[in-house]
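Letter by letter, the chains look like this.
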Amino acid sequence: MTKELDEQIAAAIAEQHVLRTQVRLHDDYGELRLVAGVDAGFEAEGTIIRAAVVVLRLPDLLPVDYALVRQPVTFPYVPGLLAFREAPAIIAAISRLRTSPDLIICDGHGIAHPRRCGIACHIGVLLDRPTIGCAKHRLIGQFTPPPAERGARQPLYDGDEQIGWVLRTRATAQPVFVSPGHRVSLDRSPELVMACTTRYRLPETTRFAHRLASDHQLPLIPCSSLHEEEE
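Everything numeric here is computed off the predicted structure, so don't read it as measured data. (Residues numbered from 1 in each chain as written. Predicted model: local features only at pLDDT ≥ 70, side-chain atom pairs only at ≥ 80, totals over all residues. Heavy atoms only, no water.)

A few points about the overall build of the chain
Link 1 in the chain: Within the chain one finds 5 helices and 9 strands.
Link 2 in the chain: In sequence order, the chain lays out its α and β elements as α-β-β-β-α-β-α-β-β-β-β-α-α-β.
Link 3 in the chain: A globule of 231 residues ought to have a C-alpha radius of gyration of about 17 Å, and the chain, at 17 Å, matches this closely.
Link 4 in the chain: The principal-axis extent of the C-alpha atoms belonging to the chain is close to 45 × 45 × 30 Å.
Link 5 in the chain: A buried classification covers 53% of the 231 residues belonging to the chain.
Link 6 in the chain: Taking contacts inside the chain between residues at least 6 apart in sequence as the whole, the part at least 24 apart equals 65%. (Helix = DSSP H or I, 4+ residues; strand = E, 2+ residues; numbered from the N terminus. Rg over C-alpha atoms; globule rule 2.2 N^0.38 Å. Buried < 20%, exposed > 50% of the residue type's maximum accessible area, 1.4 Å probe, protein only. Contact = heavy atoms within 4.5 Å.)

Printed below as a string of structure tokens:
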């Protein structure tokens with residue numbers, strides 16, 4: 001690891017410590033009519049990030065808007081610092097939407113993070129938007145596996161502190177790891193994820209965003225509003 005990279009990582013960690021002080025973990029939103037999912041994929045041997053955002057209408061989860069942005073990767077892969085690799089492109093994609101989502105669900109963690117500042121916190125604070133992290137894998141914490149039925153959940157703890165939920169979104173499938181990012185409470189976050197989940201393990205929000213970011217599968221929506229730009 002070079003000195004320059006060491007300094008880059010140290011600066012990112014310092015920024016997380018600042019951002020975490022701005023995270024608000026109470027429900028601060030109005031009627032939820034539009035919910036967005038965000039995800040990122042990579043191309044050109046990992047040198048280009050492809051960030052996608054898809055907006056769905058509640059409660060029927062019909063896609064109504066989406067955007068895709070490609071940018072050069074400017075930060076290496078470092079566990080715990082995902083936001084610095086993906087958030088700039090994701091925020092650029094969100095800025096290209098024609099709609100304004102009331103809630104954003106991120107493919108990653110919120111406060112279930114060593115410094116309580118995962119990508120959902122990072123994006124939520126920078127945009128001052130309600131956000132939730134819904135990750136496929138645990139980053140930190142201990143838990144008891146939830147029962148096998150859909151909607152079952154168990155707390156995720158770091159020591160004595162609850163930092164999220166282990167949520168069974170599909171019967172017998174592996175659970176997901178849900179934690180609030182910003183302007184959403186710990187108690188409400190799993191309910192909101194379940195409101196966006198159908199028969200799949202992942203909520204429709206991040207499932208659509210993942211397909212767009214990784215496979216270029218465009219959502220079928222009326223009056224297509226794809227905004228795709230090279231930067």
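What follows continues from the structure just given.
A closer look at the packing of aromatic side chains
Link 1 in the chain: Tallied over the full model, the rule gives 2 aromatic pairs.
Link 2 in the chain: Ring centres 5.5 Å apart and planes at 75 degrees place the aromatic pair Phe 143 and Phe 177 in the edge-to-face group. Of this pair, Phe 143 sits in the loop between strand E5 (131-135) and strand E6 (153-158) while Phe 177 sits in strand E8 (residues 176-182), and the two are 34 residues apart along the sequence.
Link 3 in the chain: A residue is classified by how much of its surface remains accessible, and Phe 143, at 29% relative accessible area, is partly exposed.
Link 4 in the chain: You can call Phe 177 buried: its relative accessible area is 7%. (Phe/Tyr/Trp six-rings, centres within 6.5 Å; stacked < 30°, edge-to-face > 60°.)

Looking at the pairing of strand E3 (residues 62-72)
As a general feature of sheets, a regular strand has side chains that alternate between the two faces.
Link 1 in the chain: Counting buried residues in E3 gives 8 out of 11 residues, a clear majority hidden from the surface.
Link 2 in the chain: Strand direction decides the pairing type here: strand E2 (residues 48-57) and E3, joined by 10 bridges, are antiparallel. Bridge pairing in E3 places Arg 57 opposite Leu 62.
Link 3 in the chain: Once E2 ends, the chain turns through 4 residues before running back antiparallel as E3, passing Leu 61 with a positive phi of about 60 degrees. (Pairing = 2+ DSSP bridges.)

Here we look at the environment of Phe 208
Link 1 in the chain: Tracing the sequence through the fold places Phe 208 in helix H5 (residues 204-215).
Link 2 in the chain: Residues Phe 208 and Pro 219, 11 residues apart in the sequence, show an inter-C-alpha distance of 7.0 Å.
Link 3 in the chain: Beyond its immediate stretch of four places on either side in the chain, Phe 208 contacts Val 54, Leu 56, Pro 63 and Pro 219.

Some points on the side chain of Arg 207
Link 1 in the chain: Along the polypeptide, Arg 207 turns up in helix H5.
Link 2 in the chain: We classify Arg 207 as buried; its relative accessible area is 16%.

Examining the confidence of the model for the chain
Link 1 in the chain: Within the chain, residue pLDDT values average 93, and 94% of them lie at 70 or more.
Link 2 in the chain: A low-confidence stretch, residues 223-231 (pLDDT under 50), is modelled with 31 contacts involving residues beyond four sequence positions or located in other chains. (pLDDT = per-residue confidence, 0-100.)

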